[in-house]
Amino acid sequence: MKKILITGRIDVLGKHSEKRDNIDLRFIKMIEEMKSVPIILPNFLSHTREFVKLIQPKAIVLSSGGDIYKKDERFKNEEFLIKFAISKKIPLIGICRGAQRINKFFGGKLKKLNNHVGTRHQIFGEIVKNKKIFVNSYHNYGIKKEILGNDLKILAYTKDNSIECFCHNSSKILGIMWHPERNLKLSFFDKKLIGKYL
């Protein structure tokens, strides 16, 4: 089975303000559904590069949740992972915040959106073709064509022209703004889309 490296968020919890790595456990289930083994990257490793080389992941997933502008340990790790994935030609997938992080890495920006939290909407674009595909949405900030990063290509968008999915023109990089992991079962559409990278 393929080893998939996945990032987690940093949360400060409890009365003692303990810093903890945190990940939605549904990501684990999603990666297992893709017949792969999830390996969570600790945020506070002193030798992240050596850890990643030891693991030899077949793909990397940047998970959701958190502020992409906060320059903490997660930010540094993800900066390294994006560069590592490109240089080693390893597939990279960003989910929601992970997609935003990839967009920022390539010089893109975010824009405040309306009606994109706790809802479902139809997506359009080349990966959808003539099918009616609806996805969930949990983000306040999104990406529009004019603020999409360099060398990124739009694959899907909503009726308000907010980008829901993109890929890189030459590297095996995918950004998804919805949450495939939050569905009770990974949809056939999501499985097929993610499967092209995992």
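Residues numbered from 1 in each chain as written. Predicted model: local features only at pLDDT ≥ 70, side-chain atom pairs only at ≥ 80, totals over all residues. Heavy atoms only, no water.

Draft legend 1. Structural detail: the environment of Leu152. Secondary-structure assignment places Leu152 in strand 11 (residues 152-157). Once residues within four sequence positions are removed from consideration, Leu152 is found in contact with Asn103, Phe106, Phe166, Cys167, His168 and Asn169. (Helix = DSSP H or I, 4+ residues; strand = E, 2+ residues; numbered from the N terminus. Contact = heavy atoms within 4.5 Å.)

Draft legend 2. Main features of the packing of helix 3 (residues 73-88) against helix 4 (residues 97-105). It is the contact of helix 3 with helix 4, at a shortest axis distance of 11 Å, that shows an interaxial angle of 70°. One element, helix 3, and the other, helix 4, form an angle in the roughly perpendicular class. Helix-helix and strand crossings are classified by hand; for helix 3 and helix 4 the assignment is right-handed. Residues Arg74, Phe75, Glu78, Glu79, Ile82, Lys83 and Ile86 of helix 3 pack against Arg97, Arg101, Ile102, Lys104 and Phe105 of helix 4. Classifying every residue of the contact of helix 3 with helix 4 by side-chain character gives five nonpolar, no polar and seven charged. (Axes fitted to C-alpha atoms, helices over the stretch in contact; angles between N-to-C directions. Parallel < 35°, antiparallel > 145°, perpendicular 65-115°, else oblique. Left-handed = near helix turned anticlockwise from the far one by under 90°. Nonpolar A, V, L, I, M, F, W, Y, C, P; charged D, E, K, R; others polar.)

Draft legend 3. Just the side chain of His121, in detail. You can see His121 is positioned in strand 8 (residues 117-123). In this structure the side chain of His121 is engaged in a polar contact, spanning 3.3 Å, whose partner is the side chain of Glu164. Excluding residues within four positions of it along the chain, His121 makes contact with His116, Ile133, Phe134, Val135, Asn136, Ser137, Thr158 and Glu164. (Polar contact = N/O pair within 3.5 Å; in protein donor to acceptor, adjacent residues only side chain to side chain.)

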